[in-house]
Structure formats: structure tokens, C-alpha cells
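# Structural characterization, general
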Amino acid sequence: METIRIKYFSDEIEKLTYIDGVSDWIDLRAASEVSLKKGEFALIPLGVAMKLPKGYEAHVVPRSSTFKNFGIIQTNHMGVIDESYCGDNDQWFMPALAVRDTQIHINDRICQFRIMKHQPTISFEETDHLADKDRGGFGSTGKA
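Okay, so let's go over this structure. (Residues numbered from 1 in each chain as written. Predicted model: local features only at pLDDT ≥ 70, side-chain atom pairs only at ≥ 80, totals over all residues. Heavy atoms only, no water.)

## Quick notes on the sheet that holds strand 11 (residues 109–117)
What counts, and what does not: Two strands form a pair only when DSSP identifies at least two bridges running between them. Segments assigned H or I by DSSP are reported as helices when at least four residues long, segments assigned E as strands when at least two residues long, and all are numbered from the N terminus. Here the axes come from fitting lines to C-alpha atoms, over the contacting stretch only for helices, and the angles between their N-to-C directions go from 0 to 180 degrees.
Sheet architecture is open: four strands sit in the order 2-11-6-8, paired in antiparallel fashion. With partners counted over all chains shown, the strands left at the sheet margins are strand 2 (26–29) and strand 8 (79–82), one partner each. For this sheet the average axis-to-axis angle between neighbouring strands, irrespective of direction, equals 30°. Taken together, the four bridges between strand 6 (residues 56–62) and strand 8 define a ladder with antiparallel strand orientation. By the bridge assignment, Val 60 is partnered in strand 8 with Gly 79.

The following block contains the structure:
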């Protein structure tokens, strides 16, 4: 088990917890009140900073209910926070674009994260032939 040092910027949000047996993602919460009009952008503070172990990064994505509940999309679609972003003022944020007028309250669960090991170093070997079966060249179905 890895231990991660965490700094909270707000005592109004619930502390992070791992939901054992249910999911290996951990919810992140809004650390301030945010009002957005349709088309507006905001960096929503998540109230935490972490010192990730060397060789690890956090993947931050919206919760499945975020769009339905708040009408926002995460503008970078998936945030990657590596272990170098670990200073006392390196608070995590969710970059959000509102598709309707919305209000996000302190402690609302708006995104989630998981900790992943960095991709190993890889090399590419050029070839003229990859596999025996051609699936059609489009997605998993091979159909346009």
C-alpha cells in the first residue's frame, strides 16, 4: 500500500476516502461556491494538494453524474497531475465549461481521480504487417 501526503485547503469539504470493494476511484469535491452562466468557464478549486509517490500520476475525470447534475464538462476531458505538482500551493482544480446556468456548492462531488503508475519506457518497431485479421480500420466494430 502506498501512502500519499495530502494538504487540505478547506475544512468545509469531506476528507478523501477510498471506497473499498465498490470502486478504486476517489471522489473530489468543490471547495468553493461557483456560479456559472451558460458558456462560462471556471477553474473549480478541489481543496486538495498531494505529494504523489515518485513514478505515479493522478488521472482526474468528471463523475458519471457531473454533466446531468451540474451541466458542466471538464474542458481537458481528463486531467493528468504528475508527482512534480506537489508544492504547498499546488491545489488541484477542475477546468469546467457550463452548458447551462448552474450552481456548484461547497462539498459537491464533481470529479474523481485514481493514482496510476507512469507508462513504462517503450520503443516502436516499424513493420509492414501487424496481424492476421483486418477488422475494417474503424473502432471496435470495423464499421463506419
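After presenting the structure, the write-up continues.
## Focus on the packing of aromatic side chains
What counts is decided by this rule: Ring pairs shown here join Phe, Tyr and Trp side chains whose ring centres sit within 6.5 Å, with only the six-membered ring taken for Trp; geometry is labelled stacked below 30 degrees between planes, edge-to-face above 60, and tilted in between. Relative accessible area decides the class of each residue, using a 1.4 Å probe on protein chains only: under 20% of the type maximum gives buried, over 50% gives exposed, and in between gives partly exposed. For a lysine, the NZ atom is tested; for an arginine, the CZ atom; a charge sits over a ring if that atom is within 6 Å of the ring centre and within 35 degrees of the ring normal.
Tallied over the full model, the rule gives one aromatic pair. Consider the rings of Trp 92 and Phe 113, whose centres lie 5.3 Å apart with planes at 85°: the pair is edge-to-face. Pair noted here: Trp 92 is in the loop between strand 8 and strand 9 (93–98) and Phe 113 is in strand 11, with a separation of 21 residues, a long-range link. In this structure, Trp 92 and Phe 113 share a single accessibility class: buried. The residue whose ring lies beneath Lys 15 is Tyr 8, and the NZ or CZ to ring-centre distance is 4.0 Å.

## Points about the sheet that holds strand 7 (residues 72–74)
Spatially, three strands are ordered 4-9-7 in an open sheet, and the strand pairing comes out antiparallel. Since the sheet does not close on itself, it has two edges, and those belong to strand 4 (41–45) and strand 7, each with one partner. Each adjacent strand pair in this sheet contributes to an overall mean axis angle of 40°, direction not counted. Pairing between strand 7 and strand 9: three bridges, direction antiparallel. Within strand 9, the position partnered with Ile 72 by the bridge is Ala 98.

## Side note on the pattern of salt bridges
How we decide: Here a salt bridge means any side-chain nitrogen of Lys or Arg lying within 4 Å of a carboxyl oxygen belonging to Asp or Glu.
The tally for this structure, following the rule as stated, stands at four salt bridges. For Glu 14, the salt bridge is made with Arg 29, and the minimal N-O distance between the two is 3.3 Å. Linking Glu 14 in the loop between strand 1 (5–8) and strand 2 with Arg 29 in strand 2, this pair joins segments that are 15 residues apart in sequence. What makes Glu 14 partly exposed here is its relative accessible area of 45%. A residue is classified by how much of its surface remains accessible, and Arg 29, at 16% relative accessible area, is buried. Put simply, Asp 27 and Arg 63 hold a salt bridge, and the shortest N to O gap is 3.0 Å. Taken together, the residues Asp 27 in strand 2 and Arg 63 in the loop between strand 6 and helix 1 (66–70) connect sequence positions 36 residues apart. Residue Asp 27 shares its accessibility class with Arg 63, and that shared class is buried. The network of salt bridges with shared partners includes Asp 27, Arg 63 and Arg 109.

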